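Okay, here's what each chain looks like letter by letter:
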Amino acid sequence: MLAKAYSSAILGVDAYIVAVEVDIAFGLPGISVVGLPDTAVQESKERVRSALKNSGYIFPPQRITINMAPANTRKSGPVFDVAIALAILAASEQLPSTGLEQSVFVGELSLDGSIRPVSGVLPFAIAAQAEGYQHLFVPCENAQEASLVEGLRVYPITHLREAVQLLGEACPIDKAYQRQPLLSASPLLMGLDFSEVKGQAYAKRGLEITAAGGHNLIMVGPPGSGKTMLARRLPTILPALTFAEALETSKIYSISGRLGLNQGLLPTRPFRAPHHSISNAGLIGGSSHPKPGEVSLAHH
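### Details of the overall build of the chain
Working step 1: In terms of helices and strands, the chain carries eleven helices and nine strands.
Working step 2: The burial tally for the chain puts 42% of its 300 residues in the buried class.
Working step 3: Put simply, of all contacts in the chain between residues at least 6 apart along the chain, 68% involve residues at least 24 apart.
Working step 4: Roughly 15200 Å² of accessible area belongs to the chain as shown, and the carbon and sulfur atoms make up 55% of that amount.
Working step 5: A gap of 7 Å separates the mean positions of the 24 positive and 24 negative side-chain charges of the chain.

Next comes the structure, spelled out in structure tokens:
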């Protein structure tokens, strides 16, 4: 029998929806994953097998083929575990497949069936909302981050059984995560303030013009003259992040795994201080699995 569930993957600084197709057929017992999976995705079949058995479900002793579409982009990370497990349950008729059509599932499975948090949930939520999906199932620690996207019902889950129970209910809307009010960020969050700088009138004037006009600035001087000290205090005289700016910046930090658990938007403008010996990939991003570099992490 064939079943399909939906998950999401990262491409650059954006996410896209991945269709996880599972076919169970007669033949020698085995499981194969196709669709350009990396090692972490290939290993998901062992995590899923143990999680299903330890959660009280039957792992079909048949020939199982898992296809991850689109097949022309490389899939990485353990984010697909929950979608694979639910698609196997639907294909083996242990779960109705009707509840999978309008839902996106992300999360890493433990061997006992519990669900661990993953990186990149905010862009996953943005992609799900843009594609018209109504429900997003995420690990409990990522719920606040996912709830920032309006028009999407977010369901925090801690165990595989919870996802199965929610999909089996006729109207689980009341169990969706309630969006938390956004807290206004204080510019003194890091204990720094521009008013602490004594003297340096010429340099402070340059920083004020930079902040007022949104200009670039280069500071030249010998070590110990106060360049880094001034630069660290520049964000405290910049305008507060708008919601759109905070959403963009938080998305980049979410992809990089730098957004803390149970954290929503970044509260203040980021400050980055890369070492002068940083590599090109570390500065502008890239490598075999493209990740945002310091320039992207300093967005806004």
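### Some points on the sheet that holds strand E2 (residues 14–25)
Working step 1: Across the sheet, which stays open at both edges, the four strands sit in the order E1-E2-E4-E3 with mixed pairing between neighbours. Whereas interior strands pair on both sides, the edge strands pair on one side only; in this sheet they are strand E1 (2–11) and strand E3 (30–34). Taken over all neighbouring pairs, the strand axes of this sheet differ in orientation by 20 degrees on average, direction set aside.
Working step 2: When E1 meets E2, the two strands line up antiparallel, connected through ten bridges.

### Remarks on helix H3 (residues 81–91)
Working step 1: Extensive coverage of H3 is indicated by the burial of eleven of its eleven residues.
Working step 2: When H3 is considered as a whole, its buried residues turn out to be Asp 81, Val 82, Ala 83, Ile 84, Ala 85, Leu 86, Ala 87, Ile 88, Leu 89, Ala 90 and Ala 91.
Working step 3: Positive phi shows up at Glu 93, right after H3, with a value of about 60 degrees.

### With respect to the sheet that holds strand E8 (residues 135–139)
Working step 1: Spatially, the three strands line up as an open sheet ordered E5-E8-E9, and their pairing is parallel. Edge positions in the open sheet fall to strand E5 (103–105) and strand E9 (153–157), since each of these has one partner strand only. Strand-to-strand twist in this sheet, taken as the mean axis angle between neighbours without regard to direction, amounts to 25 degrees.
Working step 2: Pairing analysis gives five bridges linking E8 to E9, with the strands arranged parallel.

### Some points on the nonpolar core
Working step 1: Counting 71 residues, the largest nonpolar core has Val 22, Leu 52, Ile 66, Leu 86, Ile 88 and Phe 105 as the members making the most contacts within it.
Working step 2: Considering every element that reaches this core, the biggest residue donor is H3, with ten residues.
Working step 3: When near neighbours in sequence (up to four residues on either side) are disregarded, Ile 88 contacts Val 22, Ile 24, Ile 31, Val 48, Leu 52, Phe 59, Pro 60 and Ile 66.

### Description of helix H2 (residues 44–54)
Working step 1: Those residues of H2 lying buried are Ser 44, Lys 45, Arg 47, Val 48, Ala 51 and Leu 52. The buried residues of H2 occupy an angular sector of 160 degrees when the element is viewed end-on, so they sit on one face.
Working step 2: Buried residues belonging to H2 abut E3, helix H1 (39–42), H3, strand E6 (108–109) and helix H6 (160–168).
Working step 3: A positive phi of about 95 degrees marks Gly 56, the residue just after H2.

### A look at the packing of aromatic side chains
Working step 1: Counting across every chain of the model gives three aromatic pairs.
Working step 2: Here the aromatic cluster, defined as three or more aromatic residues joined through ring pairs, consists of Phe 105, Phe 137 and Tyr 155.

Thresholds applied
- Residues numbered from 1 in each chain as written.
- Predicted model: local features only at pLDDT ≥ 70, side-chain atom pairs only at ≥ 80, totals over all residues.
- Heavy atoms only, no water.
- Helix = DSSP H or I, 4+ residues; strand = E, 2+ residues; numbered from the N terminus.
- Buried < 20%, exposed > 50% of the residue type's maximum accessible area, 1.4 Å probe, protein only.
- Contact = heavy atoms within 4.5 Å.
- Areas by Shrake-Rupley, 256 points an atom, 1.4 Å probe, with all protein chains shown as cover.
- Lys, Arg positive; Asp, Glu negative; His and termini not counted.
- Charge placed at Lys NZ, Arg CZ, Asp CG, Glu CD.
- Pairing = 2+ DSSP bridges.
- Axes fitted to C-alpha atoms, helices over the stretch in contact; angles between N-to-C directions.
- Core = buried A, V, L, I, M, F, W, Y, C linked by side-chain atoms within 4.5 Å.
- Arc of directions from axis to C-beta.
- Phe/Tyr/Trp six-rings, centres within 6.5 Å; stacked < 30°, edge-to-face > 60°.

By themselves, these observations are geometric and do not establish any function.
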